[in-house]
Amino acid sequence: MSEESAGGLGAQEMRPATDSPAFTIPVANAHRAALRSIERVVEDTAPPQAGEAAQAGILQMLRVGGVLAVTGAGVSTDSGIPDYRGPQGSLHRHRPMTYQEFLHDEGARHRYWARSFVGWRHMDSATPNSAHHLLAGWQRWGTLSGLVTQNVDGLHALAHHEVGVESPLIPLHGDLATVACLTCGNREERRHLDTRLEEANPGYAEEALQAAENVNPDGDVALEDSWIRRFHMVGCLVCGSTRLKPDVVYFGEGVPAERKVLVDELVERSSGLLVVGSSMAVMSGFKIALQMHRAGRPIGIINGGPSRADAKADWRWRTRIAPALESLDAALR
């Protein structure tokens, strides 16, 4: 089972999932593997260069053109969405739900949707920041060959639309804007589902928001159990099942095969790799750096802290994301 991105649910509010009678031995093993991925601590493996040197190296890469960008949660922090593993990251406050928990624990699914129903308002109101717009502009110019994002907030897609970019954008871990039924496969826009949830829970979101804590990168919040019990879930529009899942890749769930093919194609035709705002802690993102390194292509990293890919990178710039991209953009013009 691969180690991927995640939906959120506070560990302190959950019984050990492997105690569930629905958890067979293979499911329990996959759950434990997902937990190891969540708990991975990304430490320094190579020292960053001085800011000017790292900036010059990355600028040289970008001037060649055709660079693949891979982004993480650090790109969206200026839009008000917290990251995972930074100093103020959400992993310091809660443990995300694994795919195995979501799939096999009905109570966990109900808890997720109660919390996500409240937190979705924060996610849905977020707008792209300068980092999203600058990266979209670089794609339009051909500086970037494409962009792979590990984020599920949809902000890169909004920025692409605003800038008018048609270059490849691959949401590696999916997008919260769509919901899929695990029973029949029907897909529904999250905003439409949200309208149905409001009808089933009049006034709930506004009241619960006052008691909620800590909006997480996946759009859920921390809520007391009393609020969870008050929440009413709605069913699939086609089959009526309440086994609805945001169309995102959870920890312990694999990236869809067709998405992997698209990423491999981008890697193959790109001149180098620029990692922006990501610790590259999960294998689905880290694998891209490994592929580029094996191919002998340059790798640059712009991040506020250490990255799992640091030892593979030619340039490591530890700095704030938006100002770094703005300075590179000014130099490229």
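Along each chain, the written sequence defines residue order, and numbers are assigned to residues from 1. pLDDT decides what is reported in this predicted model: residues at 70 or higher carry local features, side-chain atom pairs at 80 or more are listed and counted, and totals for whole chains, interfaces and linings draw on all residues regardless. The side-chain numbers reported here are obtained from all heavy atoms of the structure, hydrogens and water having been left aside.

UniProt positions are given in the numbering used here, feature names are shortened, and annotations may be inferred rather than shown by experiment. Residues annotated by UniProt as "binding site: Zn(2+)" (unreviewed entry) correspond here to Cys 181, Cys 184, Cys 236 and Cys 239. Maximum C-alpha separation among the annotated residues is 8.7 Å over a sequence range of 59 residues, consistent with a single clustered spot. Examined against the element boundaries, Cys 181 turns out to sit in strand β4 (residues 174–181). The class for Cys 181 is buried, based on a relative accessible area of 4%. Only DSSP runs of H or I with at least four residues qualify as helices, and only runs of E with at least two residues qualify as strands; both kinds are numbered from the N terminus onward. The topology assignment puts Cys 184 in the loop between β4 and β5 (187–189). Each residue gets one of three labels from its accessible area relative to the maximum for its type: buried under 20%, exposed over 50%, partly exposed in between, using a 1.4 Å probe on protein chains only.

This brings us to the side chain of Gln 291. The residue Gln 291 is located in helix α11 (residues 283–294) in this model. The exposure class of Gln 291 is buried, given its relative accessible area of 18%. By the criterion applied in these results, polar contacts are pairs of N or O atoms within 3.5 Å in which, for protein atoms, one can donate a hydrogen and the other can accept it, and in which residues neighboring in sequence qualify only through two side-chain atoms. Side chain to side chain, Gln 291 and Asp 264 meet in a polar contact 3.1 Å long. Whether two residues are in contact is decided by their heavy atoms: any pair within 4.5 Å suffices. Not counting chain neighbours up to four residues away, the residues in contact with Gln 291 comprise Asp 264 and Val 267.

Next up on the list: the pairing of β4. Here β4 pairs with strand β6 (residues 244–248) via four bridges, running antiparallel. Its bridge partner being in β6, Val 179 is matched across the sheet by Pro 246. Strand pairing follows a simple DSSP-based rule, namely that at least 2 bridges must link the two strands. Direction of pairing for β4 relative to β5: antiparallel, over a ladder of three bridges. Looking across to β5, one finds that Val 179 is bridged to Glu 188.

Once that is clear, we can look at the packing of helix α4 (residues 106–125) against helix α8 (residues 204–211). Between α4 and α8, the least distance of the axes is 9 Å, while the angle of their chain directions is 90 degrees. Taken together, α4 and α8 sit at an angle that is classed as roughly perpendicular. Between α4 and α8, the residues in contact are Ala 114, Phe 117, Val 118 and Arg 121 and Tyr 204, Ala 205, Ala 208 and Leu 209, respectively. Of the residues in the contact of α4 with α8, the class split is seven nonpolar, no polar and one charged. Angles here are taken between N-to-C directions and fall from 0 to 180 degrees, while the axes themselves are lines fitted to C-alpha atoms, restricted in helices to the stretch in contact. Convention used here: angles under 35 degrees read as roughly parallel, angles over 145 as roughly antiparallel, angles from 65 to 115 as roughly perpendicular, and any remaining angle as oblique. Polar here means any residue outside two lists: the nonpolar Ala, Val, Leu, Ile, Met, Phe, Trp, Tyr, Cys and Pro, and the charged Asp, Glu, Lys and Arg; Gly therefore counts as polar.

A few words on the pattern of salt bridges. Salt bridges, as used here, are contacts in which a Lys or Arg side-chain nitrogen is within 4 Å of a carboxyl oxygen on Asp or Glu. For the coordinates displayed, the defined rule picks out 10 salt bridges. Arg 187 is paired through a salt bridge with Asp 247; the nearest N and O atoms lie 2.7 Å apart. Remark: Asp 247 occurs in strand β6 and Arg 187 occurs in strand β5; sequence separation between them is 60 residues. Its salt-bridge partner being Arg 230, residue Glu 207 comes within 3.4 Å of it at the nearest N-O pair. Within this pair, whereas Glu 207 is found in helix α8, its partner Arg 230 is found in helix α9 (residues 225–230), the two being separated by 23 residues in sequence. The class of Glu 207 is partly exposed, set by a relative accessible area of 42%. Within this structure, Asp 44, Asp 310 and Arg 318 form a network of salt bridges that share partners.

A pair of Phe, Tyr and Trp rings is counted when the ring centres sit within 6.5 Å of each other, with Trp represented by its six-membered ring. The angle between the planes then sorts it: under 30 degrees is stacked, over 60 is edge-to-face, the rest tilted. For the structure shown, the criterion picks out eight aromatic pairs. Between Phe 102 and Tyr 250, the ring centres sit 5.2 Å apart and the planes meet at 55 degrees, which makes this aromatic pair tilted. Of this pair, Phe 102 sits in helix α3 (residues 99–104) while Tyr 250 sits in the loop between β6 and α10 (257–269); the two residues are 148 residues apart in sequence, bridging distant segments of the chain. As far as the burial class goes, Phe 102 and Tyr 250 line up, both buried. Through successive ring pairs, a cluster of aromatic residues spans Phe 102, Tyr 112, Trp 113 and Tyr 250. For the cation-ring pair, Arg 121 lies above Phe 117, with the distance from its terminal atom to the ring centre recorded as 4.5 Å. By definition, being over a ring means that NZ of Lys or CZ of Arg is both within 6 Å of the ring centre and within 35 degrees of the ring normal.

In this section: the nonpolar core. We call a set of buried residues a nonpolar core when its members are Ala, Val, Leu, Ile, Met, Phe, Trp, Tyr or Cys and they connect through side-chain atoms within 4.5 Å of each other. Ranked by size, the top nonpolar core spans 34 residues in total, and within it Trp 113, Tyr 204, Leu 223, Phe 231 and Leu 244 carry the most contacts. Among the secondary structure elements, those contributing two or more residues to this core are α3, α4, β4, α7 (190–200), α8, α9 and β6. A total of eight residues in this core trace back to one element, the largest contributor, which is α4. Counting residues in hydrophobic clusters, the runner-up holds 22 residues, among them Met 61, Leu 62, Val 67 and Ala 131.

Once that is clear, we can look at the pairing of strand β2 (residues 144–149). It is a general feature of regular strands that their side chains alternate between the two faces of the sheet. Along β2, six of the six residues are buried, which leaves the element largely enclosed by surrounding structure. Two elements, strand β1 (residues 67–71) and β2, share five bridges in a ladder whose sense is parallel. Bridging across to β2, Thr 71 finds its partner in Thr 149. Here β2 pairs with strand β3 (residues 169–171) via three bridges, running parallel. Looking at the pairing, Val 148 lines up with Ile 170 of β3. In terms of handedness, the path from β2 via helix α6 (residues 155–163) over to β3 forms a crossover that is right-handed. Classification remark: right-handed applies to a crossover when, strands pointing away from the viewer, the course from the first strand over the helix to the second runs clockwise.

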